[in-house]
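A structural walkthrough
The residues making up each chain are set out below.
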Amino acid sequence: MLERYELLYEAGLTPEAARDHGQPARGAIPGRAMVSDHRRILATAIGRLRSKTKYRPVLFDLTPDTFTLSQLQAAAEAVSGLSLHKQNFRRGVERTGLVEPTGRLSAATGGRPAELYRYRGAEASGGGVTGLSLPGQR
């Protein structure tokens, strides 16, 4: 993520590059320039968060204590920047053993009530890899 941002900056396609060089914005990244190097800091943070999902259960820090699998998928999609296949994502999450059903349903889904889950903890997964494997990760 950081490398991509730096390439765009060097090519003059970010609002910050235009600002720093006193040129009009012609950028591929829409919007206003961020203060100082904050977009670079944000790019670094997103890249680190994406890589950390492989070996740490950081997605569960982005969800409430009880959550639907759709909410967990939305967090995974936001971090990865990818659209994930619903059934494959659910199958993968259940296979890790990191979540357990609470026995309750959420009526806030707008349709059929969805089952609520909770994070079991890293030790519950059998001591193996404690992150969720997302497509496009190396």
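Residues numbered from 1 in each chain as written. Predicted model: local features only at pLDDT ≥ 70, side-chain atom pairs only at ≥ 80, totals over all residues. Heavy atoms only, no water.

1. A closer look at helix 4 (residues 69-80)
Since the α-helix packs 3.6 residues into each turn, any two residues three or four apart lie on the same face. Counted only if it meets this: Helix numbers and strand numbers start at the N terminus; a helix is a DSSP run of H or I with at least 4 residues, a strand a run of E with at least 2. One less than the residue count of a helix, multiplied by 1.5 Å, gives the span that helix is expected to have. The buried label goes to any residue with under 20% of its type's maximum accessible area, the exposed label to any with over 50%, and the partly exposed label to all in between, with areas taken from a 1.4 Å probe on protein chains only. Here the arc refers to the set of directions running from the helix axis out to each C-beta atom. Any two residues whose heavy atoms approach within 4.5 Å are treated as being in contact.
Here helix 4 contains 12 residues, and its C-alpha end-to-end distance of 16 Å stays within 8% of the 16 Å for a straight helix at 1.5 Å per residue. Taken as a whole, helix 4 has its buried residues at Leu69, Leu72, Gln73, Ala75, Ala76, Val79 and Ser80. The buried residues of helix 4 all sit within an arc of 160° when viewed along its axis, so they share a single face. Structurally, helix 4 contributes buried residues whose contacts are with helix 3 (38-52), strand 1 (66-67), helix 5 (86-96) and strand 3 (114-119). Following helix 4 by one or two positions, glycine 81 has its phi on the positive side, about 75°.

2. Quick notes on the packing of helix 4 against helix 5
As a reminder, the rule being used: Angular values range over 0 to 180 degrees, each being the angle between N-to-C directions of two axes fitted as lines to C-alpha atoms, with helices fitted over their stretch in contact. When an angle is under 35 degrees it counts as roughly parallel; over 145 it counts as roughly antiparallel; between 65 and 115 it counts as roughly perpendicular; any other value is oblique. We call Asp, Glu, Lys and Arg charged. Ala, Val, Leu, Ile, Met, Phe, Trp, Tyr, Cys and Pro are nonpolar, and the rest, Gly among them, are polar.
Viewed as axis vectors pointing N to C, helix 4 and helix 5 meet at an angle of 100°, and their least axial separation amounts to 11 Å. Relative to helix 5, the element helix 4 lies roughly perpendicular. Mapping the contact onto sequence places Leu69, Ser70, Leu72, Gln73 and Ala76 in helix 4 and Lys86, Phe89, Arg90, Val93 and Glu94 in helix 5. Residue composition of the contact of helix 4 with helix 5, by class: 5 nonpolar, 2 polar and 3 charged.

3. With respect to the sheet that holds strand 2 (residues 99-106)
Filter applied, for reference: Here, strands pair whenever DSSP counts at least two bridges between them.
Strand order in the open sheet formed by 3 strands is 1-3-2, and the pairing between neighbours is antiparallel. Each edge of the open sheet is held by one strand with a lone partner, namely strand 1 and strand 2.

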